[in-house]
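Topology and contacts: notes
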Amino acid sequence: MGGVGVDADVVGNTRVRSAEAGECEREPSPSDSLRTFGAVVQALREHAGLSRGDLSARVQYSRHTVESVELGRRMPDEAFVERAEEALGNTGALRKASRHLSRGEAGLAAWFRRWARLEREAVSLCTYECRLVPGLLQSEGYARAVFEGTIPLRTDEELEAQLTARMERQAMMRERPRVPFSFIVEEHVFRRGFGSAEQMRESLDHVLDRSAPRNVTLQLVPLSAGLHACLDGPVQVLETPEGRRLGYSEGQKNGRLISDPKEVRVLCRRYETLRSQALSPSDSRGLLERLRGEL
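Quick caveat: nothing in here was measured; it's all calculated off a predicted structure.

**Focus on the overall build of the protein chain**
The helix and strand tally for the protein chain stands at 13 helices and eight strands. Counting the 295 residues in the protein chain, one finds 47% classified as buried. Put simply, 70% of the contacts in the protein chain that link residues at least 6 apart link residues at least 24 apart. Accessible surface, the protein chain as shown: approximately 15,000 Å² in total, 47% of it carbon and sulfur.

**Section: the nonpolar core**
In terms of nonpolar packing, the biggest core is built from 34 residues, with W115, F181, F183, F190, L218 and L288 touching the most fellow members. For this core, the secondary structure elements donating two or more residues are α6 (110-121), α9 (171-175), β4 (181-186), α10 (187-191), α11 (197-210), β5 (216-221), β7 (245-251) and α13 (281-294). Residues V41, L55, V66 and A87 belong to the second largest nonpolar core, which totals 17 residues.

**Concerning the sheet that holds strand β6 (residues 235-239)**
A sheet is described by the order of its strands in space; here six strands give the open sequence β5-β4-β3-β6-β7-β8, paired in mixed fashion. Strand pairing shows two members of the sheet lacking a second neighbour, β5 and β8 (254-258), which therefore form its edges. For this sheet the average axis-to-axis angle between neighbouring strands, irrespective of direction, equals 15°. Of the pairings in the sheet, the one linking β6 to β7 comprises four bridges and is antiparallel in character.

**A word on the environment of V235**
Within the secondary structure, V235 is located in strand β6. It is 10.0 Å that separates the C-alpha atoms of V235 and R256, two residues lying 21 residues apart in sequence. In this structure V235 touches C126, T127, Y128, Y248 and L267, once residues within four positions along its chain are discounted.

**Regarding the pattern of salt bridges**
Counted according to the given criterion, the structure contains 19 salt bridges. In this structure, the salt-bridge partner of E294 is R191, at a minimum N-O distance of 3.7 Å. Pair noted here: E294 is in helix α13 and R191 is in helix α10, with a separation of 103 residues, a long-range link. Taking the shortest distance from any N to any O, the salt bridge between R210 and D209 comes out at 2.7 Å. R210 gets classed as buried once you look at its relative accessible area, which sits at 17%. For D209, a relative accessible area of 44% translates into the label partly exposed.

**Regarding the confidence of the model for the protein chain**
Scored by pLDDT, the protein chain has a mean of 84; 86% of the residues are at 70 or more. By mean pLDDT, the top-scoring element of the protein chain is β4 (98), and the lowest-scoring one is strand β1 (residues 6-11) (28). The model gives residues 1-29 a pLDDT under 50, and that stretch makes 69 contacts with residues more than four places away or in other chains.

**Some words on the state of the cysteines**
Enumeration over the complete set of coordinates arrives at zero disulfides. No disulfide involves C126; its sulfur sits 7.3 Å from the nearest other cysteine sulfur, which is in C268. We classify C268 as buried; its relative accessible area is 17%.

**Some points on the environment of E198**
On the secondary structure map, E198 appears in helix α11. Here E198 falls in the partly exposed class, since its relative accessible area comes to 47%.

**Digging into the packing of helix α2 (residues 52-59) against helix α4 (residues 78-87)**
Remark: α2 packs on α4, axes separated minimally by 9 Å, with the N-to-C direction vectors making an angle of 115°. Between α2 and α4 lies a crossing of right-handed hand. Across the interface between the two elements, L55, R58 and V59 of α2 pack against F80, R83, A84 and A87 of α4.

**Describing the environment of S33**
In this fold, S33 is placed in helix α1 (residues 32-47). Placed 42 residues apart in sequence, S33 and M75 show a C-alpha to C-alpha distance of 9.9 Å.

**Some points on unusual backbone geometry**
Look at the link from I151 to P152: it is a cis peptide, with omega at 0°. Note on placement: P152 falls in the loop between α7 (140-148) and α8 (156-169). Even without glycine at this site, Q60 takes up a positive phi of about 65°. Here Q60 falls in the exposed class, since its relative accessible area comes to 62%.

**Section: α2**
Looking at α2, one finds that the buried residues are R52, L55, S56 and V59. Seen end-on, α2 carries its buried residues on one side only, within an arc spanning 105°. Immediately beyond the C-terminal end of α2, within one or two residues, lies Q60, with a positive phi of roughly 65°.

Rules used throughout
Residues numbered from 1 in each chain as written. Predicted model: local features only at pLDDT ≥ 70, side-chain atom pairs only at ≥ 80, totals over all residues. Heavy atoms only, no water. Helix = DSSP H or I, 4+ residues; strand = E, 2+ residues; numbered from the N terminus. Buried < 20%, exposed > 50% of the residue type's maximum accessible area, 1.4 Å probe, protein only. Contact = heavy atoms within 4.5 Å. Areas by Shrake-Rupley, 256 points an atom, 1.4 Å probe, with all protein chains shown as cover. Core = buried A, V, L, I, M, F, W, Y, C linked by side-chain atoms within 4.5 Å. Pairing = 2+ DSSP bridges. Axes fitted to C-alpha atoms, helices over the stretch in contact; angles between N-to-C directions. Salt bridge = Lys/Arg side-chain N within 4 Å of Asp/Glu carboxyl O. pLDDT = per-residue confidence, 0-100. Disulfide = S-S within 2.5 Å. Left-handed = near helix turned anticlockwise from the far one by under 90°. Arc of directions from axis to C-beta.

Written out as structure tokens, the structure is:
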């Protein structure tokens, strides 16, 4: 989203900007540091006369991961850097270059990037969703089906970048076991069919697995619940390390970061009301297990 008109607001040390509809960049590019690192890996690999498959075997990562690193779409972990260094001549170039890597935001829609940055620092995160499984709970198969069905169609490279970004975003739930994550999702979201029965079972298994830790709460709004407090649409609310609450809502090709305290208080009240109207976490888990059994 190239030409951007913005209103700036500072949250602690984090600059928050509310993007206006004038944004036009469809998806962000990988960061310069990731692209440069990937180019170095590729140059050293080709100099050594190795294919991506050869390097994959030597570093014990999939060929897809090697390709993603070389194209600047994936942040290499320490093990990858060390094994690639050894496999490609121990020049020291990869170890030195890896110190300057910064995570890009390939695959994230421009209107979502600012919220994604805030998510990584939040001390709590609440999500209500009525359209699809929340991104943090999506299986790879479910996420791929979502991206493949979007219009306009993505190229294979764009789709893989989005899929990689979504899966990497989920890592923060594993990496931050003391941060409470709360999800309230409509039952019909999990009843919506996609792919094969096996893919749907895999999706439900993934949700059950991701919602099992003690810091994660998942509640379902049953079909029998009727009208409720959050009918205006999906919403997310987080708390920053400085104790400030922010909201986020998303629609067709746009998203809005909500920083006005009065608006955020309304969103918090709606979320807390819906929490009391939804099934308990235990009953919600039971419902998901029954849905899985029906497939």
